[in-house]
Amino acid sequence: MLARKSIIPEEYVLARIAAENLRKPRIRDRPRKARFIAKNGACNLAHKNIREQGRFLQDIFTTLVDLKWRHTLVIFTMSFLCSWLLFAMMWWLVAFAHGDMDPSTENPSNSTKWTPCVTCVRSFTSAFLFSIEVQVTIGFGGRMMTEECPLAITVLILQNIVGLIINAVMLGCIFMKTAQAHRRAETLIFSRQAVIAVRNGRLCFMFRVGDLRKSMIISASVRIQVVRKTMTPEGEVIPIHQVDIPVDNPIESNNIFLVAPLIICHVIDKRSPLYDISASDLALQDLELIVILEGVVETTGITTQARTSYVAEEILWGHRFVPIVTEEEGVYAVDYSKFGNTVKVAAPRCSARELDEKPSILIQTLQKSELSHQNSLRKRNSMRRNNSIRRSNSMRRTNSSLIVPKVQFITPEGSQSASET
């Protein structure tokens, strides 16, 4: 992360970046492939030339839920506003047809008593206000229905039915958008990088998954798919060929108990698409590993799904995740600051096929790692020993320099007296 302008001058930052780029040139042998699944789980897919657009209107509720929030709020507001205006026009027509708009009906004579369809509806504004009162059941009391016009009663019943339908659809749409399953998936996190290392004598592909909330995901399961471009023996090109790979899980039900961050492991065996890939071949591979985590939200009972993917550049060969769960005062604590941290470990650079054919490669790799570890320990101990000897010698020199020499004084009588000053 770059420093702020107020702390480090911009010229120094730019010069440092240029120097780093000169030291480490970035040369790409091939153009970077587009991801099928982004790191945040979004599908990198664009639908074009869809001719049957009417199918979206047949499932109008799902279409409204899938819209963006700004479009949903505009439709929510316009649906109520248009219904109020529509029925305001109907109330105004009813009042106009019955003669309630006639000025002579405001002060009727004593001989004839005029009864309007709706009291105090003299203009379109008053009809609009009455329409709002009917649909949202406010009822201020200034305008009310009478039994004079059967048509007005029919309009009242129709507006109530239409208002209930609009309320049910739009409020249900708003509720479903706020309670969508992918909102819960925002707190399900994956490690930024995956690793390949030796576990139980086998090469394994591993990544870490965790849940930031205390409410758990029930019946959580993890699936891994490899997406790559392949060609059949008949010459057919499959641009997105999906292959399921097994996940090593000691539980028979294949469900995980995601109470704390877990390291999901895939053993690279004969069934794995990574079986013939070595450390040197990994950077040249045009593949993408998609991870899918599914489960039921404990609080709402809605099924949620979290996704991510790992390309070849994001897979570290010969690394292992550091432990992040510790026991502190009788409580298991999780340090999420180390969630994606890895350390280098001894791992053969060959493929899993070569490792199965020659098991001695693993033994030689482990022996070399043990020897290098012992040599590093010896060097470290020798350096500590030398440092301690140097410190002791320096302390002796300083103590010897602090010793005060004895000085002899000669008195006038000729006697000598020695004293220390």
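For the structure given in this document, a descriptive report is provided here. The model shown is predicted, which means the values in this text are computed figures rather than measured ones. (Residues numbered from 1 in each chain as written. Predicted model: local features only at pLDDT ≥ 70, side-chain atom pairs only at ≥ 80, totals over all residues. Heavy atoms only, no water.)

Summed over the entire model, instances satisfying the criterion amount to 8 aromatic pairs. Ring geometry for Phe 205 and Tyr 310: centres 6.3 Å apart, planes at 75 degrees, overall edge-to-face. Taken as a pair, Phe 205 in strand E3 (residues 202-211) and Tyr 310 in strand E9 (residues 303-311) lie far apart in primary sequence, 105 residues in all. The pair Phe 205 / Tyr 310 is uniform in exposure class, with both members buried. One aromatic cluster is present, formed by Phe 76, Phe 80 and Trp 84 through successive ring pairs. Sitting over the face of the ring of Phe 339, Arg 208 holds its NZ or CZ atom 5.9 Å from the ring centroid. (Phe/Tyr/Trp six-rings, centres within 6.5 Å; stacked < 30°, edge-to-face > 60°. Helix = DSSP H or I, 4+ residues; strand = E, 2+ residues; numbered from the N terminus. Buried < 20%, exposed > 50% of the residue type's maximum accessible area, 1.4 Å probe, protein only. Lys NZ or Arg CZ within 6 Å of the ring centre and 35° of its normal.)

With that out of the way, let us pick up a negative patch on the surface. Together, Asp 281, Glu 354, Asp 356 and Glu 357 make up a negatively charged patch on the protein surface. With 3 residues, helix H9 (residues 352-357) is the largest single contributor of residues to the negative patch. Within the secondary structure, Glu 357 sits in helix H9. (Patch = residues over 30% accessible without salt bridge, like charges linked within 9 Å, V, L, I, M, F, W, Y side chains within 5 Å. Areas by Shrake-Rupley, 256 points an atom, 1.4 Å probe, with all protein chains shown as cover. Salt bridge = Lys/Arg side-chain N within 4 Å of Asp/Glu carboxyl O. Lys, Arg positive; Asp, Glu negative; His and termini not counted. Charge placed at Lys NZ, Arg CZ, Asp CG, Glu CD.)

Looking at the secondary structure, you find Val 243 in strand E5 (residues 237-245). Take Val 243: its relative accessible area is 26%, and that puts it in the partly exposed class. The spatial distance from the C-alpha of Val 243 to the C-alpha of Pro 273 is 8.1 Å, given a sequence separation of 30 residues. Residues contacting Val 243, with those up to four places away along its chain left out, are Ile 224, Gln 225, Val 226 and Pro 273. (Contact = heavy atoms within 4.5 Å.)

So, on to helix H4 (residues 69-98). Here H4 is 30 residues long and its end C-alpha atoms lie 44 Å apart, about the 44 Å a rise of 1.5 Å per residue gives. Here H4 has its buried residues at Thr 72, Ser 79, Phe 80, Ser 83, Trp 84, Phe 87, Ala 88, Trp 91, Val 94 and Ala 95. Those residues of H4 hidden inside the fold are in contact with helix H3 (60-66), helix H5 (124-136) and helix H6 (150-178). Gly 99 lies just past H4 and shows a positive phi near 90 degrees. (Expected span 1.5 Å × (residues − 1).)

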